[in-house]
Amino acid sequence: MKKNRSLNLKYAGSQIFYFAAFASMMGYASVFLLDKGCTNSQIGIALALSSIIAVILQPMLASFADNHKNIEMRNIIAPIVLLVIALSAILYLIPGSALFVLFLVVTIFSIMSSIMPLMNSLAFVFEQHGIEINYGLARGLGSVAYAIASLVLGHVVESFSPGILPLFYIIFTALLFVVVKMFVLPKGYEKEVIKKDTKQEETEQLSFGKFCMKYKKFILFLVGFVLVYFAHTIINNFFIQIITNIGGTSADMGNAVFVAAMLELPTMAFFTKMSEKINCGTLIKFSILMFCVKHALTYFATNMIMIYLAQVCQMFAYALFVPASVYYVNEKIAVADRVKGQSLVTTSMTLSGVFANFAGGIMLDALGVGHVLLAGVILSIVGAVIVILMTEKV
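Residues numbered from 1 in each chain as written. Predicted model: local features only at pLDDT ≥ 70, side-chain atom pairs only at ≥ 80, totals over all residues. Heavy atoms only, no water.

1. What about the packing of aromatic side chains?
Applying the stated criterion across every chain, the model contains 18 aromatic pairs. For the pair Phe286 and Phe316, a centre-to-centre distance of 6.2 Å together with 70 degrees between the ring planes defines the contact as edge-to-face. One end of the pair, Phe286, is in helix H15 (residues 280-300); the other, Phe316, is in the loop between helix H16 (304-312) and helix H17 (318-332), and 30 residues separate them in sequence. A cation over an aromatic ring shows up here: Arg139 above the ring of Phe19, its NZ or CZ 3.8 Å from the ring centre. (Phe/Tyr/Trp six-rings, centres within 6.5 Å; stacked < 30°, edge-to-face > 60°. Helix = DSSP H or I, 4+ residues; strand = E, 2+ residues; numbered from the N terminus. Lys NZ or Arg CZ within 6 Å of the ring centre and 35° of its normal.)

Given below as C-alpha cells:
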C-alpha cells in the first residue's frame, strides 16, 4: 500500500485537535465542575450520564456508518463537531445555574466521546484505494497534544479560572472541524481500487445480537477490559482529588498528565514496526498487565514521585492497548462489521466510565480516595485474567 503524506498530516491533525479538546473537557471536568459548586457525587453522576449516552450513541453512529457507505466518514463527523462547537459557545458565553452547566457538560462530553470510533475508522477509509494511514503515529501525536494541552491548561487554570475552559473546547473543536472537512481522497487515486478478499467481505450487516453470537470471545474480551478500565477512568476523571489527597495542586496534575501522555508517543509511533515482530495478541496481553501495575502504583502512592512513576507505565498500558486493539479489530472482525467492532472497543471504555464515574464519585464522598483506588486494583486483576484468556493470536 502507498502512503499519502498529505492525508497522513491531515489525519494526524484530526487526532491532535480531537485529543486536545478531550484534555480540556474530560481531563479537567472535575476542576471545572468543582469550580461551579458541584460535589464529587454530582460530578460522578454527570460523567456517568455522559458515558451512558455515549454508550447508546456509539453503536448507533457505527451502524449508520456501516449501513451508509455512500456517505463519506468526514461528512458524518463534521456536523457532530459543529454541534459541539455551538453548545460549547453557549456554555462559555451564557451564565447559568449549576443544573444548566451540568446539562451542557453532559451533552458536550457524550457527543465528543461518541465520535471516537468514527475518528479511528477514518484512518482506514481509503484502504481500498491503496492508501495506508499511519494510525499509530497519528494517535501518538494525539497523545502529545493531550499532554501539552493538559500541561498548559493546568497553569492557565491556576493563573486565571476554570471558567475559561469552555473557550478551549471551542478553539480545539473548530480546528478539528477544519481538518476533518479537508480529509478527502487526493486526485489520481479515484481509479486505483484494491479488491478485497471475498471471504472477508460480507454484504449482510449483523445486528448487535448476531454480532455477539459470531464474536463470542471478542465480547468476553471486552467484558474483561471494562473491569480493567474502571480504575483507569477513576484515575483520569478524579485525578485532582487523588493529587490533592497527597498534597499536590492542579499544576502538579497537569505535569503528571503531561508525563503520561508524552510517553505515549514513542509506543504509538513505532507500533506498526513493533507489531511486525511481536504478535498483536501478545502486545494486548502485556498492555493489560501494565494497566494493573499502574493502578497498583497509584494506590500505594504517598507523594508526587510515586505518581510520576505510575504515570510512566502509561507508555506500556494505554499507549500500547489503543493501537493494538484498533489493529486487532481490523484483523479479527469481518470488513462489513469493522466500524461496529471499533465502536464496541470504544463503547467498552465508555461503559467502564459509567460505572467508574457513578460509583467513583459516590465512593469518594463516602469512603475516600484510598478505598476507591483499592477497588480499582482488585477489578483490574480480575479483568486482566479474562482479557488474557480471551485474546487470540492475529
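2. A word on empty space enclosed by the protein
A complete count under the given rule lists two cavities of 30 Å³ or more for this structure. Each pocket or cavity is described by its volume, and for the largest cavity that value is around 570 Å³. For the largest cavity, the lining is made up of 32 residues, of which Phe22, Tyr229, His232, Asn236 and Tyr318 are closest to its centre. Taken together, the elements giving at least two residues each to the lining of the largest cavity come down to helix H1 (5-25), helix H3 (40-67), helix H7 (135-159), helix H10 (216-237), helix H12 (250-262) and helix H18 (338-366). At six residues, H10 tops the list of elements feeding residues into the lining of the largest cavity. Along the lines of polarity and charge, the residues of the lining of the largest cavity split into 13 nonpolar, 16 polar and three charged. Reported here for the second largest cavity is a volume of approximately 110 Å³. What lines the second largest cavity is a set of 13 residues, and nearest its centre among them are Met116, Asn120, Tyr135, Val322 and Met349. Those elements that place two or more of their residues in the lining of the second largest cavity are helix H6 (116-121), H7, H17 and H18. (1 Å grid on protein atoms, 1.4 Å probe; cavity = no way out; pocket = protein on both sides within 12 Å on 5 of 7 lines; lining within 4 Å. Points joined across faces, edges and corners; volume = space filled by probe spheres on them. Nonpolar A, V, L, I, M, F, W, Y, C, P; charged D, E, K, R; others polar.)

3. Observations concerning the packing of H1 against H7
Describing two packed helices takes the angle between their axes plus the distance from one axis to the other. Across the interface, H1 lies against H7 with an axial gap of 7 Å and an inter-helix angle of 35 degrees. Both H1 and H7 take part in a crossing whose hand is right-handed. Contacts from Tyr11, Ala12, Gln15, Ile16, Phe19, Ala20, Phe22, Ala23 and Ser24 in H1 reach Tyr135, Ala138, Arg139, Leu141, Gly142, Ala145, Tyr146, Ala149, Ser150 and Leu153 in H7. Here the residues of the contact of H1 with H7 sort into 14 nonpolar, four polar and one charged. (Axes fitted to C-alpha atoms, helices over the stretch in contact; angles between N-to-C directions. Left-handed = near helix turned anticlockwise from the far one by under 90°. Contact = heavy atoms within 4.5 Å.)

4. Things to note about the nonpolar core
Counting residues in each nonpolar core, the largest one holds 130 residues, and the members touching the most others are Tyr18, Ile77, Phe109, Ile115, Phe218, Phe239 and Phe321. Setting aside residues no more than four positions away along its own chain, Ile77 makes contact with Ile115, Leu118, Met119, Leu122 and Val180. (Core = buried A, V, L, I, M, F, W, Y, C linked by side-chain atoms within 4.5 Å. Buried < 20%, exposed > 50% of the residue type's maximum accessible area, 1.4 Å probe, protein only.)

5. Overview of the pattern of salt bridges
Pairing of side chains with opposite charge becomes possible as their charged atoms draw close. Enumeration according to the criterion identifies two salt bridges in this entry. In this structure, Glu72 engages Arg74 in a salt bridge whose closest nitrogen and oxygen atoms are separated by 2.8 Å. The salt bridge partner of Glu392 is Lys332, with a shortest N-O separation of 3.6 Å. Pair noted here: Glu392 is in the segment after helix H19 (369-390) and Lys332 is in helix H17, with a separation of 60 residues, a long-range link. Assessed through its relative accessible area of 31%, Glu392 is described here as partly exposed. (Salt bridge = Lys/Arg side-chain N within 4 Å of Asp/Glu carboxyl O.)

6. Brief notes about a nonpolar patch on the surface
Nonpolar side chains collect at one region of the surface, where Ile90, Tyr92, Leu93, Ile94 and Phe100 lie side by side and expose about 440 Å² of accessible area between them. Overall, Phe100 belongs to the partly exposed group, its relative accessible area being 31%. (Patch = residues over 30% accessible without salt bridge, like charges linked within 9 Å, V, L, I, M, F, W, Y side chains within 5 Å. Areas by Shrake-Rupley, 256 points an atom, 1.4 Å probe, with all protein chains shown as cover.)

7. Quick word on the packing of H12 against H16
With their axes 8 Å apart at the nearest point, H12 and H16 run at an angle of 30 degrees to one another. Between H12 and H16, the crossing angle belongs to the class labelled roughly parallel. The handedness of the crossing between H12 and H16 is right-handed. Mapping the contact onto sequence places Asp252, Asn255, Ala256, Val257, Val259 and Ala260 in H12 and Met304, Ile307, Tyr308, Gln311 and Val312 in H16. Per-class residue counts for the contact of H12 with H16 are eight nonpolar, two polar and one charged. (Parallel < 35°, antiparallel > 145°, perpendicular 65-115°, else oblique.)

8. Comments concerning the environment of Ile388
Relative to the helices and strands, Ile388 resides in helix H19. Along the primary structure Ile388 and Ile284 are separated by 104 residues, whereas in three dimensions their C-alpha atoms are 8.2 Å apart. Each residue touching Ile388, except ones within four places of it in the same chain, is listed here: Lys285 and Leu289.

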